[in-house]
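# Analysis of the macromolecular model
Take a look at the letters that make up each chain.
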Amino acid sequence: MLFGLIFGVSFPLYFLDRQNSTVALANWIGSKLQMDADLVARLLFACAALLLVLAAFIRTWASSYLHAAVVYAAELKTASLVADGPYRQVRNPLYFANVLMAIALGAMMSRVGFLVALVAMLAFSYRLILREEAELQANQGELYQAYRRAVPRLWPAPWPRIASAGRQANWAEGFKAESWYWGFAAALVAFAITLKLTLFFVILAASLVLFWVSSMLLQKKSNSQA
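Here is a short report on the structure shown in this document. (Residues numbered from 1 in each chain as written. Predicted model: local features only at pLDDT ≥ 70, side-chain atom pairs only at ≥ 80, totals over all residues. Heavy atoms only, no water.)

## Regarding the overall build of the protein
Across its full length, the protein holds nine helices and zero strands. In the protein, the succession of α and β elements from N to C terminus is α-α-α-α-α-α-α-α-α. When the 226 residues of the protein are sorted by exposure, 44% land in the buried category. In the protein, of all internal contacts separated by at least 6 residues, the share reaching a separation of at least 24 is 77%. (Helix = DSSP H or I, 4+ residues; strand = E, 2+ residues; numbered from the N terminus. Buried < 20%, exposed > 50% of the residue type's maximum accessible area, 1.4 Å probe, protein only. Contact = heavy atoms within 4.5 Å.)

## Description of the packing of helix H5 (residues 93–105) against helix H6 (residues 111–140)
The description of two helices packed together rests on the angle between their axes and the distance between the axes. Following both chains from N to C, one finds H5 and H6 inclined at 175°, their axes separated by 9 Å at the closest point. With respect to H6, the axis of H5 lies roughly antiparallel. For the pair H5 and H6, contact is made by Tyr95, Asn98, Val99, Met101, Ala102 and Ile103 and by Phe114, Ala117, Leu118, Met121, Leu122, Ser125, Leu128, Ile129 and Glu132, respectively. (Axes fitted to C-alpha atoms, helices over the stretch in contact; angles between N-to-C directions. Parallel < 35°, antiparallel > 145°, perpendicular 65-115°, else oblique.)

## Concerning the packing of aromatic side chains
Counted under the stated rule, the structure contains 17 aromatic pairs. Aromatic pair Phe11 and Phe201: ring centres 5.6 Å apart, planes at 75°, arrangement edge-to-face. In this pair, Phe11 sits in the loop between helix H1 (2–10) and helix H2 (21–33) while Phe201 sits in helix H9 (residues 197–225), placing the two residues 190 residues apart along the sequence. Note on Phe11: relative accessible area 11%, which makes it buried. Among the aromatic residues, those joined into a ring-pair cluster are Phe7, Phe11, Phe45, Trp180, Tyr181, Phe184, Phe191, Phe200, Phe201 and Phe211. (Phe/Tyr/Trp six-rings, centres within 6.5 Å; stacked < 30°, edge-to-face > 60°.)

## Thoughts on the environment of Ala120
Looking at the element boundaries, Ala120 is found in helix H6. Given a relative accessible area of 25%, Ala120 falls into the partly exposed group.

## With respect to a nonpolar patch on the surface
The grouping of Val9, Phe15, Leu16, Val112 and Val116 at the surface amounts to a nonpolar patch, some 460 Å² of accessible area in total. Tracing the chain through its elements places Val116 in helix H6. The partly exposed category is assigned to Val116, whose relative accessible area is 32%. (Patch = residues over 30% accessible without salt bridge, like charges linked within 9 Å, V, L, I, M, F, W, Y side chains within 5 Å. Areas by Shrake-Rupley, 256 points an atom, 1.4 Å probe, with all protein chains shown as cover. Salt bridge = Lys/Arg side-chain N within 4 Å of Asp/Glu carboxyl O.)

## Looking at the nonpolar core
Phe7, Leu52, Met101, Phe184 and Phe200 are the most contacted members of the largest nonpolar core, which totals 45 residues. When residues of this core are traced back to their parent elements, those giving at least two are H1, helix H3 (37–63), H5, H6, helix H8 (171–194) and H9. Once you skip the residues sitting within four places of it in the chain, Leu52 turns out to touch Met101, Ala104, Leu105, Tyr181, Phe184, Ala185 and Leu188. Counting residues in hydrophobic clusters, the runner-up holds 11 residues, among them Val82, Ala83, Leu94 and Tyr147. (Core = buried A, V, L, I, M, F, W, Y, C linked by side-chain atoms within 4.5 Å.)

## What about the pattern of salt bridges?
All told, the structure shown has six salt bridges when counted by the stated rule. As a salt-bridge pair, Arg91 and Glu133 come within 2.5 Å of each other at their nearest N and O atoms. Taken together, the positions of Arg91 in the loop between helix H4 (68–71) and H5 and Glu133 in helix H6 put the pair 42 residues apart, joining distant regions of the chain. Among the salt bridges present, the one from Glu133 reaches Arg153, with a minimum N-O distance of 2.9 Å. On the criterion of sequence distance, the pair formed by Glu133 in helix H6 and Arg153 in the loop between helix H7 (142–150) and H8 is long-range, its members being 20 residues apart. Residues joined by salt bridges that share partners form a network here, namely Arg91, Glu133, Arg148 and Arg153.

## Quick word on the packing of H2 against H3
Put simply, H2 and H3 touch, their axes get as near as 8 Å, and they point 130° apart. Regarding the angle of H2 to H3, the classification is oblique. Crossing geometry of H2 relative to H3 is assigned as right-handed. Counted together, Thr22, Leu25, Ala26, Asn27 and Ile29 of H2 and Ala37, Val40, Ala41, Leu44 and Phe45 of H3 form the full contact between these two elements. (Left-handed = near helix turned anticlockwise from the far one by under 90°.)

Written out as structure tokens, the structure is:
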């Protein structure tokens, strides 16, 4: 619901600012470097698409060390500490990927929409991070405290900060959990290639529907097993 609210509020903000954030940046870069602004804009949209593909990969990598029911649980899941895969470089790779997603999708928004989406995503992520950290500290004690000292909270270290715990990634589970996220990436890639706005929104809307449906199914499954 919060994902939908963030983007549902951010995208329509063209009524406050009719200038697309990417086009505005392309015009500024073009004037500074004496380049064709349209070409710069296409390159920026391509970079945004690649950034969203990277975000989708990071989330898939992180989710491959969890169960989908944990990733999309309605309540906090802090009974165990995962410290393998991307969790060796950043404590919250899922939220880091969300910030990258806000930046990438912000390329399709107005300048005001981009700012609102990024600030809202950061606030949303940090709010959850602080809640989860408090729960993990209470449940895991010194184990989590040592992990917290070694690994950055949200902005990844360039190399692993702790030794591998030997847990194996379940990539099938990761892709299952993040299929909707790859839909977001596909929407932006399709736009970067075709520049067709309708195609972008159709794929994006289908991905949001997939996200909500899969989340509800996982929640029902979790409740039935409780």
